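Each chain, written out:
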Amino acid sequence: MDAIVGLCKRRGFIFQSSEIYGGYNGFFDFGPLGVELKKNLKDAWWEDMVHRRDDIEGLDSSIIMSPKIWEASGHVGGFSDPMVDCKASKMRYRADQLFYSPVIVDGNTIGYVSVLEDHSMESDAQAAAEKLKRKNGVQGELAALSLKEYTEADASEYDLIPSPATGEPGSLTPPRDFNLMFETKVGALSDSTATAYLRPETAQGIFANYKNVVDTGRVKIPFGIAQIGKAFRNEITPRNFIFRSREFEQMEMEYFISPEADWKSMHREWIDWCKNWLVSIGLPESMLGEDVHPQDKLSHYSRGTTDITFQFPFGEQELWGIACRGDFDLTQHQEHSGKSMEIFDESSKSKYIPHVIEPALGVDRLLLAALTAAFTEDEVGGEKRSLMKFHPRIAPYKVAVLPLLKNKPELVDRAQSIYRKIQRKHTAFWDASGAIGRRYRRMDEIGTPWCVTIDFDTIEKDGTVTLRDRDTTEQSRISEDDLLSLLEDRLF
Ligand code: ATP
């Protein structure tokens with residue numbers, strides 16, 4: 001993870017927001033390469049989800065909407081995480097990410113240990129328990145620890161569980177609900193009637209416009225509405241770089257189906273579609289998994305949810321949630337707005353409120369997954385090399401154009417003309433200075449799949465250029481005329 005974060009900063013993918021003022025926790029800025037990568041991910045999703053399908057339409061709804069939407073959707077009442085404060089250090093934690101266990105030696109409880117959720121939390125807890133045993137000078141057999149979420153703690157245990165900040169018990173509060181929506185004020189008045197929210201998900205903008213799309217388009221069941229846009233959550237503990245941030249982007253699609261449809265098999269089809277799509281943009285199947293939510297842990301709106309997980313450097317975590325929301329949202333909006341959300345289904349000649357399947361993906365999380373999957377270290381000619389093996393479709397730059405020497409105007413002019421030609425169709429990078437080997441390495445590190453080198457053969461002999469492949473480092477000669485069509489073929 002440190003290597004990825006370091007590369008992101010060094011090469012201009014991602015910066016901490018407000019860095020010159022010491023940073024701002026949970027917010028990030030995307031630099032010249034990051035913005036290209038992000039755009040390519042969004043474009044690929046939009047092309048495949050909207051443009052190349054006949055049953056899905058696009059939408060772009062506002063970030064701030066009537067607060068009534070968030071009352072109807074249940075977010076005002078229930079979009080919260082359990083929070084726990086440490087009174088001594090003023091740190092805040094998510095109670096469902098704080099784990100504790102009694103430490104039992106020869107049947108006697110000698111104290112408690114606590115750890116924050118992490119892939120190494122079990123071994124961290126074990127080490128803390130052994131330390132406690134030594135500190136208390138206790139002999140005997142340490143019983144196996146049984147880590148539980150702080151949300152499951154008994155009231156009598158709150159004072160006994162040590163704070164992860166201080167290591168001492170007595171300062172943790174009981175868990176309480178903390179609403180994750182950012183509030184703002186709209187209009188000149190600042191009383192409670194002016195309170196509005198930054199959307200915590202893009203989905204509600206889709207539900208609120210579903211009737212508009214039905215009435216103005218030619219959609220018929222089953223059909224989907226897709227949206228890409230910013231979402232905001234006042235996360236208690238933003239962490240793991242851009243994995244959990246307070247401002248992020250989502251790509252969500254609501255797929256409206258008949259209440260009579262076999263939603264379980266349609267759910268499965270969407271899970272497969274999403275997995276295949278991730279593989280198609282370069283995430284290895286071996287790094288993907290599925291997490292089926294148990295019935296008693298489902299969100300208030302869900303009848304069934306499966307997350308596609310990814311092996312991030314800090315462990316296997318949710319990347320893409322695919323939820324069956326039933327008719328929860330549309331029914332709520334019908335009740336709260338008084339407007340009918342029914343659709344007339346031509347095929348069955350019946351009227352109903354459709355049910356919904358929702359694949360919801362975070363752009364930033366996808367970007368982190370793409371960086372993780374691409375990050376590679378190998379050796380070329382006895383030298384260590386770090387490269388980003390991005391799928392060409394998402395690589396920030398597709399091609400670098402390199403004149404062999406920068407002080408030979410004939411080479412530079414010819415290279416410039418090739419560069420301008422490529423640039424009309426693809427993102428291309430111009431680099432004329434430094435040894436050619438070093439220039440190749442620079443492109444490897446930012447994941448440019450191909451380098452095109454213009455040398456004396458190009459201008460004096462046969463008009464061919466050198467095409468160098470990032471992953472294999474193989475070089476081949478190709479005519480300038482064939483170059484563009486070859487790039488086209490390999491990119492799509
Ligand atoms: P988590 O359990 O990780 O908080 P969630 O289940 O609340 O996520 P959803 O409400 O299903 O997430 O949101 C859909 C997608 O949006 C997630 O799968 C994830 O990719 C992305 N996402 C959610 N919260 C964040 C966040 N704070 N930062 C970045 N991406 C996020």
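Residues numbered from 1 in each chain as written. Predicted model: local features only at pLDDT ≥ 70, side-chain atom pairs only at ≥ 80, totals over all residues.

1. Things to note about the sheet that holds strand E22 (residues 399–403)
Sheet strands associate in pairs through backbone hydrogen bonding, adopting either a parallel or an antiparallel arrangement.
And step 1. Within the open sheet, the five strands sit side by side as E23-E22-E24-E25-E26. Their pairing is mixed. Edge positions in the sheet fall to strand E23 (428–430) and strand E26 (475–479), since each of these pairs with one other strand and no more. With strand direction ignored, the average angle separating the axes of adjacent strands in the sheet is 30 degrees.
And step 2. Looking at chain direction, E22 and strand E24 (residues 450–454) are connected through five bridges and run parallel. Residue Pro403 lies in a different strand from E24, and its bridge partner there is Ile454.
And step 3. Relative to the sheet, helix H10 (residues 409–423) contacts E22, E23, E24 and strand E25 (464–469), its axis offset from that of E22 by approximately 165 degrees. (Pairing = 2+ DSSP bridges. Helix = DSSP H or I, 4+ residues; strand = E, 2+ residues; numbered from the N terminus. Axes fitted to C-alpha atoms, helices over the stretch in contact; angles between N-to-C directions. Contact = placed C-beta atoms within 7 Å.)

2. Quick look at the packing of helix H2 (residues 32–51) against helix H9 (residues 363–374)
And step 1. Closest axis-to-axis distance for the H2/H9 pair is 10 Å, and the angle between their directions is 110 degrees. Between H2 and H9, the angle falls in the class roughly perpendicular. Relative to H9, the crossing made by H2 is right-handed. On the side of H2, the interface is formed by Leu37, Lys38, Leu41 and Lys42, while H9 contributes Val363, Leu366, Leu367 and Ala370.
And step 2. Among the residues forming the contact of H2 with H9, the class breakdown is six nonpolar, no polar and two charged. (Parallel < 35°, antiparallel > 145°, perpendicular 65-115°, else oblique. Left-handed = near helix turned anticlockwise from the far one by under 90°. Nonpolar A, V, L, I, M, F, W, Y, C, P; charged D, E, K, R; others polar.)

3. Structural notes on the site of the ligand
And step 1. If you check the shell around the ligand, you find 16 residues, and the closest are Phe248, Gly321, Ala360, Gly362 and Arg365.
And step 2. Among the elements that take part in the shell around the ligand, strand E16 (residues 315–326) stands out by supplying four residues, more than any other. (Near = placed C-beta within 6 Å.)

4. Some thoughts on the domain arrangement of the protein
And step 1. Looking at the protein, the domain boundaries give domain 1 (2–79 + 183–372), domain 2 (80–178) and domain 3 (397–491).
And step 2. Using C-alpha coordinates to define each centre, domain 2 is positioned 58 Å away from domain 3. (Domains from an automatic or database assignment.)

5. Points about the nonpolar core
And step 1. In terms of nonpolar packing, the biggest core is built from 89 residues, with Leu367, Ala369, Ala370, Val399 and Val401 touching the most fellow members.
And step 2. When residues of this core are assigned to their parent elements, the largest contribution, eight residues, is made by H9.
And step 3. Residues lining this core come from more than one domain, with at least three contributed by each of domain 1 (2–79 + 183–372) and domain 3 (397–491).
And step 4. Counting 19 residues, the second-largest nonpolar core is a separate cluster that includes Ala125, Ala128, Ile161 and Leu172. (Core = buried A, V, L, I, M, F, W, Y, C linked by C-beta atoms within 7 Å. Buried ≥ 20, exposed ≤ 12 C-beta atoms within 10 Å, placed from the backbone.)

6. Describing the pairing of strand E20 (residues 375–380)
And step 1. Where E20 meets strand E21 (residues 383–388), six bridges bridge the pair, whose relative direction is antiparallel. Paired with Val380 across the two strands is Glu383, which belongs to E21.
And step 2. Hairpin geometry of E20 and E21 is characterised by an intervening segment of two residues between the two adjacent antiparallel strands and by a positive phi of about 55 degrees at Gly381.

7. Looking at the sheet that holds strand E13 (residues 247–257)
And step 1. The mixed open sheet is built from seven strands, whose spatial order is E3-E12-E13-E19-E16-E15-E14. The sheet is open, and its two edges are formed by strand E3 (56–59) and strand E14 (288–292), each paired on a single side. Direction aside, the axes of adjacent strands within the sheet are offset by 25 degrees on average.
And step 2. For E13 and strand E19 (residues 355–362), the ladder comprises six bridges, and the chain directions are antiparallel. Across the sheet, residue Gln250 finds its bridge partner in E19, namely Gly362.

8. Digging into the environment of Asp262
And step 1. Within the fold, Asp262 resides in the loop between E13 and helix H7 (263–280).
And step 2. Accessibility expressed as a C-beta count within 10 Å gives 11 for Asp262, which makes it exposed.
And step 3. Along the sequence, Asp262 and Ser479 sit 217 residues apart, while their C-alpha atoms lie 54 Å from each other.

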